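Structural characterization, general
The chain contents come next:
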Amino acid sequence: MVLAFDGDLEFDPALFEVRRAGIPVPLEPQAFDVLAYLVSHRDRVVAKEELMDGVWGGRFVSETAVTSRIKQVRRALGDDGHSQRMIRTLHGRGYRFVAPVEARSEPRPVEPIRYTVSDGLHIAYQVTGGGDLDIVLISGFVSHLELDWADPRHAHFLHRLGSYGRLIRFDKRGTGMSDRPSGLPDLETRMHDVLAVMDAVGSRRAVLVGYSEGGPMAILCAATHPERVTGLVLYGSYAKRVWTKDYPWAQTQEVWRTYTDQLVNRWDWEADMRLRCPSADVPMQRWWAQRMRASATPSTVRALLDMNAQVDVRDALPAVRVPTLVLHRVGDALIDVGGAHFIAERIPGAQLELLEGADHFVSGNPDQILDPIERFVRELPSPADRPLALAAVTAPTGPGAGELASSLAAAGGRRCSGPGGRTVVVFDGPATAVRAGLALLHGVDRLGVAIAEVPRDAAELDAYGVQAAIALADQAAPGSLWITPGVRDLLAGSGVVIEAIDGAEPIFRAVAAQ
């Protein structure tokens, strides 16, 4: 997006230029990054410490260096510390870019950024394209709704995807233009952002396109809310982020920790782009670096990577009952293609299409990714009833079971009848179910929690997972909440403290929720 201000000045993040009357104004790269950060956050005051983190990436830098870069930017713009027409200093608080800005007309339509509220946080979203089909793009790692358009190849990816229908994009909580929560929640909680944005734009049902780190969220949403999902597209993604013997395609914990430390400590996003997209030229590398530095701070990036290390949606794969396309480049430099085979083999009816090349990020030869996506969405069948959804079933037992069931229902669950007339309460996901159970469980009552595929609106349930939850509740010690291994796996990164229970069968106890 080219921004114009002060008459004949233009700020062009795609070309990393400031121009006056069409002629580039000399500006050192670090000074340009300072300007870019202030412009992208022009709706508020940027604290000096935040500016240091965003531009220098946590490396030691003196306040004199920051002040020097501000002076360089002002001089390039024809501003000064006395008039402060463009960059205002708020002593003791920070800096703010205050010049009126106008977006120059470009060959692409620029739609407004809007906000909706999810779990008390403001989530930024943008709608482009148009048509009868809704497409929700769940980006990898982080995104920035405005800067996403600044690279021509990435803009082409978004434009063409939006030519198939109404393209709905959002910045996940904690990144981009969305609110920063205190800490980053688990995958199930972050999935609420998808549903909140769909509700805000009036989308009853959509194709979910999840790439890289966005894939597991798309999988979980399709499994737990099939009535909202027309189809599922996964590109360059995975079911589990860290290596185990039964998932050998991921990086080991040691390699992942080293990668995280290097990224956070060096703050070298150009090098990260070369890893994610070996074909990236220098302008793309610079765009990626600017986009990432504007989207998250080093502490946020570390929290995101730590959370991603906990992701494991393997148990959700068989519950995905929507048309699914799995795409992966055979030489993907970041995510091993073996994970794509694993996903496609476990999602019923999934199509697997392997692509040549080593680029992981979607800006690398985007049409190679978009061609099969276009065929897939054009051939989607009319939405049919898909009554089964993945859910967390809680089974209370004990003298206060009836009152406990009512409290669980009031906490967001759906009260149902299980085998033998036993009362069970169904939640959309295990993290919500377990947190509610731990908060409400008292005295000698007991709770069992299991994963089951159940009809969305049925009042009577008899799935295997329902029976498993009841059996766990009957075995549990007084005052305790027992869970199955499937629940434990889906709770990864949720902050729920889990202990193993000695015995022949693998059973676990949830003891606390952070």
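Counting of residues starts from 1 at the beginning of each chain's written sequence and follows it residue by residue. Residue-level local features of this predicted model are given only where pLDDT is at least 70; pairs of side-chain atoms are given and counted only at 80 or more, and the full residue set underlies all totals for whole chains, interfaces and linings. To obtain the side-chain values, all non-hydrogen atoms of the structure were used and water was disregarded.

1. Considering the sheet that holds strand β16 (residues 388–397)
In short, DSSP must find at least two bridges between two strands for them to pair. Strands are runs of DSSP state E lasting at least 2 residues, helices are runs of H or I lasting at least 4, and numbering of each runs from the N terminus. The strand order β17-β18-β16-β19-β20-β22-β21 describes an open sheet built from seven strands, whose pairing is mixed. The open sheet has two edge strands, β17 (414–417) and β21 (496–501), and neither has a second partner. Averaged over all pairs of adjacent strands, the angle between their axes in this sheet comes to 40°, without regard to strand direction. Here β21 pairs with strand β22 (residues 507–513) via six bridges, running antiparallel. Bridging from a neighbouring strand, valine 496 pairs with alanine 513 of β22. Whether two residues are in contact is decided by their heavy atoms, any of which lying within 4.5 Å being enough. Whenever a helix is involved, its axis is fitted only over the stretch in contact; in every case the axis is a line through C-alpha atoms, and angles between N-to-C directions fall within 0 to 180 degrees. Each of β16, β18 (423–427), β19 (446–455), β20 (481–483) and β22 is contacted by helix α16 (residues 464–475), which is oriented at about 175° to β19, the strand it contacts most.

2. Quick look at the pairing of strand β13 (residues 229–235)
We call a residue buried when its accessible area falls under 20% of the maximum for its residue type, exposed when it is over 50%, and partly exposed in between, using a 1.4 Å probe and counting protein chains only. Here β13 lies mainly inside the structure; seven of its seven residues are buried. Bridge analysis of strand β12 (residues 206–211) against β13 gives six bridges, and the strand direction is parallel. Residue pairing for β13: alanine 206 is matched across the bridge by valine 229. Note on handedness: a crossover is taken as right-handed if, strands pointing away from the viewer, the path from the first strand over the helix to the second is clockwise. For the crossover that starts at β12, traverses helix α7 (residues 214–224) and ends in the parallel β13, the hand is right-handed. Pairing of β13 with strand β14 (residues 324–329), which is carried by four bridges, proceeds in the parallel orientation. Counted as the bridge partner of leucine 232 is threonine 324 from β14.

3. Looking at helix α4 (residues 152–162)
Residues His154, Ala155, Phe157, Leu158, Arg160, Leu161 and Gly162 constitute the buried set of α4. Where α4 is buried, its residues contact β9 (121–129), β10 (134–138), β11 (166–170), β12, α10 (282–295) and α13 (366–378).

4. Digging into the sheet that holds β9
Pairing within the open sheet is mixed, and its eight strands lie in the order β8-β9-β11-β10-β12-β13-β14-β15. For this open sheet the edge positions go to β8 (114–118) and β15 (351–355), each flanked by a neighbour on one side alone. If you compare each strand with its neighbour and ignore which way they point, the axes differ by 25° on average. Relative to β14, α13 is tilted by about 170°, and along the sheet it contacts β12, β13, β14 and β15.

5. Some points on the environment of glycine 214
With respect to the element layout, glycine 214 can be found in helix α7. Its relative accessible area of 1% is what places glycine 214 among the buried residues. Separated by 75 residues in the primary sequence, glycine 214 and serine 139 have C-alpha atoms spaced 5.0 Å apart. Excluding anything up to four places from it in sequence, glycine 214 contacts Ile138, Ser139 and Gly140.

6. Quick notes on unusual backbone geometry
A positive phi angle is found at glutamine 84, which is not glycine, with a value near 50°. Take glutamine 84: it is sitting in the loop between α3 (63–77) and β5 (87–90). Relative accessible area serves as the criterion here: at 17%, glutamine 84 is assigned to the buried category. Even without being a glycine, asparagine 365 presents a positive backbone phi close to 50°.

7. Observations regarding the side chain of arginine 329
Structurally, arginine 329 can be placed in strand β14. At 4.8 Å, aspartate 359 is the nearest oppositely charged side chain to arginine 329, a buried residue that forms no salt bridge. Filtering out sequence-adjacent residues up to four positions away, arginine 329 remains in contact with Tyr235, Val337, Leu355, Glu356, Gly357, Ala358, Asp359, Phe361, Gly364, Asn365, Gln368 and Ile369. Residues scored as charged are limited to Lys and Arg (positive) and Asp and Glu (negative), so that His and the chain ends carry no count. Here, a salt bridge means any Lys or Arg side-chain nitrogen found within 4 Å of an Asp or Glu carboxyl oxygen.

8. Things to note about the pattern of salt bridges
A full pass over the atoms with the stated rule returns 32 salt bridges. When the shortest N-O distance is used, the salt bridge between arginine 19 and glutamate 17 registers 2.8 Å. The exposure class of arginine 19 is buried, given its relative accessible area of 11%. With a closest N to O distance of 2.8 Å, aspartate 367 and arginine 160 form a salt bridge. On the criterion of sequence distance, the pair formed by aspartate 367 in helix α13 and arginine 160 in helix α4 is long-range, its members being 207 residues apart. Look at the salt bridges and you will find they share partners, linking Arg160, Asp367, Asp371, Glu374 and Arg378 into a network.

9. Description of the packing of aromatic side chains
Pairing of aromatic side chains requires ring centres within 6.5 Å, counting the rings of Phe and Tyr and the six-membered ring of Trp. Pairs whose planes differ by under 30 degrees are stacked, by over 60 edge-to-face, and all others tilted. Considering all chains together, one arrives at 13 aromatic pairs under this definition. When the ring of tyrosine 247 is compared with that of tryptophan 249, the centres are 5.1 Å apart and the planes differ by 85°; the resulting orientation is edge-to-face. Residue class for tyrosine 247 comes out buried when judged on its relative accessible area of 2%. Overall, tryptophan 249 belongs to the partly exposed group, its relative accessible area being 33%. Here the aromatic cluster, defined as three or more aromatic residues joined through ring pairs, consists of Phe157, Tyr211, Trp287, Trp288 and Phe361.

10. Considering the packing of helix α9 (residues 269–276) against α10
Orientation of α9 relative to α10, taken along the N-to-C sense of each, is 115°, at an axis distance of 8 Å. When you trace α9 past α10, the crossing you get is right-handed. Contacts between α9 and α10 involve Trp269, Glu270, Asp272, Met273, Arg274 and Arg276 from the former and Met284, Gln285, Trp288, Ala289, Met292 and Arg293 from the latter. Under this grouping Gly is polar, as are all residues other than the nonpolar Ala, Val, Leu, Ile, Met, Phe, Trp, Tyr, Cys and Pro and the charged Asp, Glu, Lys and Arg. Split into classes, the residues belonging to the contact of α9 with α10 amount to six nonpolar, one polar and five charged. Two helices crossing with the near one rotated counterclockwise from the far one by less than a right angle form a left-handed crossing, whereas a clockwise rotation gives a right-handed crossing.

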